[in-house]
Amino acid sequence: MIELKHLRTIASLRETGSLTATATSLHLTQSALSHQLKELEQRIGGQLFLRKTRPVKFTSEGEILLRLADEILPKIAIAEGKLASVKEEAHGRLHMAIDCHSCYQWLMPALKEYQLSWPEVTLDFSSGFGFDPIPALQAGELDLVITSDIVLRSDVHYEPLFDFEMRLITSTTHELADREKISPQDLASQTMLTYPVKKTRLDVYNQFLQPAEIEPERWKQADNTLMLVQMVSAGLGVAALPNWAISEFSRQGLITSKPLGEGLWRRLFAATRASETDKRYLQAFFSTAKQQSQSHLEGIRTV
C-alpha cells in the first residue's frame, strides 16, 4: 500500500535532487531513507529512479507516483490547514459588552447553552453602560457588542438577532394605566425612571420624546430591571422597557404596560468586527442567541 510518507519522500527527492538532501529535508538518516525507498520499490514491483544520476532521474513508475503526489499532497495540506483553523477557533475569545441592561434576561440562558457546545471559547464581559463599546470593538478590546444602535462603519458587522417592542410600564393605579396607548405629551408631567445611562442613549428619548420635543418633568435612575419595576409598581414613576423584560411582571399584576404611540419597535444586533464575522464560534453564537431569544419571545404575552 502506498502511504503519504512515500509520496512526501519522492516529492522531496524531486525537489532536492539528491538522497542526502532529501534525508536532511525529511529529518531522516541516510539508512532510514534508503530502507523506505527500497520498501516502496518492493511494493510497486519496480524501480523509482535511476541510481547514480544527478539530478535524480525518475523511472516511469516513479513519474506515476510523482503525479499522484502532485494531486494528493496539496489537498492534504489544505485539509490540514482547515483542521488547524477549526482547532484554533475552538479556543477563541468572546469578550463582549452588553449595551442593554435588560438583555441579560435572555442572554444568560443563551450563553449557558452556547458553552455546552463551545467549552473552549473564553467568555468575558465588560460594562457597556459607561462607555461607547464600538470603538473598543474596533480596537480589538472587545469581540462582540449586544446593541440596538447602528452606526454604519465598513469595519463593523451588525448581525440582526430579533425585533422587540419598547413599552411604557406604570403602576396598576396610575393615571395612565387605562390609556389605550401613550403619546409623548402624556409623559411631560411624569417622572421617567431609567437605567443609569445618559438619556441620549435611551430609545424612549431618541425615538419617542425628542422628535416631539417633549421632556419629562423629572428623570430618575435605578440600577437594574427589578428595581425599576418595583419603583414603578410603588407609583414612584413610569419607565419604558422591552417587552421581554416586563412580561412576567405584567402577568403577576404588578404593573401595566402600554404601547408608545403606534408601537415603538427596535431591533437588537450583535456587532462584531467585519473581518471576523465568518469565524465558526461567532456564527455559532449568533445561531444560539437567535434560538434562545425566539424561545423567550414566544413565551411573552402582552398584558
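Data block above holds the structure.
Described in the following lines is the structure provided in the data block. (Residues numbered from 1 in each chain as written. Predicted model: local features only at pLDDT ≥ 70, side-chain atom pairs only at ≥ 80, totals over all residues. Heavy atoms only, no water.)

A look at the packing of aromatic side chains
The relative placement of two aromatic rings is captured by the distance of their centres and the angle of their planes. Per the stated rule, a full pass over the model turns up seven aromatic pairs. Both rings, one in Y158 and one in F269, keep their centres 6.1 Å apart while their planes meet at 85 degrees; by these two values the pair is edge-to-face. Taken together, the residues Y158 in strand β6 (residues 156–170) and F269 in strand β10 (residues 256–273) connect sequence positions 111 residues apart. Take Y158 and F269: they sit in the same class, and that class is buried. What links up through ring pairs into an aromatic cluster is the set F162, F164 and W244. Directly above the ring of F49 sits R51, whose terminal nitrogen or CZ lies 4.3 Å from the centroid. (Phe/Tyr/Trp six-rings, centres within 6.5 Å; stacked < 30°, edge-to-face > 60°. Helix = DSSP H or I, 4+ residues; strand = E, 2+ residues; numbered from the N terminus. Buried < 20%, exposed > 50% of the residue type's maximum accessible area, 1.4 Å probe, protein only. Lys NZ or Arg CZ within 6 Å of the ring centre and 35° of its normal.)

With respect to the nonpolar core
In terms of nonpolar packing, the biggest core is built from 56 residues, with W106, I146 and F285 touching the most fellow members. Judged by nonpolar contacts, the second largest core, of twelve residues, contains I10, A23, F58 and L66. (Core = buried A, V, L, I, M, F, W, Y, C linked by side-chain atoms within 4.5 Å.)

Some points on the environment of F164
Examined against the element boundaries, F164 turns out to sit in strand β6. Each C-alpha atom of the pair F164 and D278 lies 26 Å from the other, and the pair is 114 residues apart in sequence. Every residue in contact with F164, bar those within four places of it in the chain, is listed here: S148, D203, P242, N243, W244, L264, W265, R266, R267 and L268. (Contact = heavy atoms within 4.5 Å.)

Examining the environment of S250
By secondary structure assignment, the location of S250 is in helix α9 (residues 243–251). Taking the C-alpha atoms as reference points, S250 and D132, separated by 118 residues in sequence, lie 32 Å from one another.

Section: helix α3 (residues 30–44)
Look at α3: 21 Å from first C-alpha to last across 15 residues, which is about the 21 Å you get at 1.5 Å a residue. Within the sequence span of α3, burial applies to L33, Q36, L37, L40 and E41. All buried residues of α3 lie within an arc of 135 degrees about the axis, which places them on one face of the element. Relative to its buried face, α3 has exposed residues pointing more than 90 degrees away, namely S31, H35, K38 and Q42. Phi for G45, located one or two positions after α3, is positive at around 70 degrees. (Expected span 1.5 Å × (residues − 1). Arc of directions from axis to C-beta.)

Focus: the packing of helix α1 (residues 4–16) against α3
With their axes 11 Å apart at the nearest point, α1 and α3 run at an angle of 115 degrees to one another. When the axis of α1 is compared with that of α3, the two are roughly perpendicular. Crossing hand, α1 versus α3: left-handed. Residue-level inspection shows K5, H6, T9 and I10 of α1 in contact with α3, the latter providing L33, Q36, L37, E39, L40 and R43. Classifying every residue of the contact of α1 with α3 gives four nonpolar, three polar and three charged. (Axes fitted to C-alpha atoms, helices over the stretch in contact; angles between N-to-C directions. Parallel < 35°, antiparallel > 145°, perpendicular 65-115°, else oblique. Left-handed = near helix turned anticlockwise from the far one by under 90°. Nonpolar A, V, L, I, M, F, W, Y, C, P; charged D, E, K, R; others polar.)

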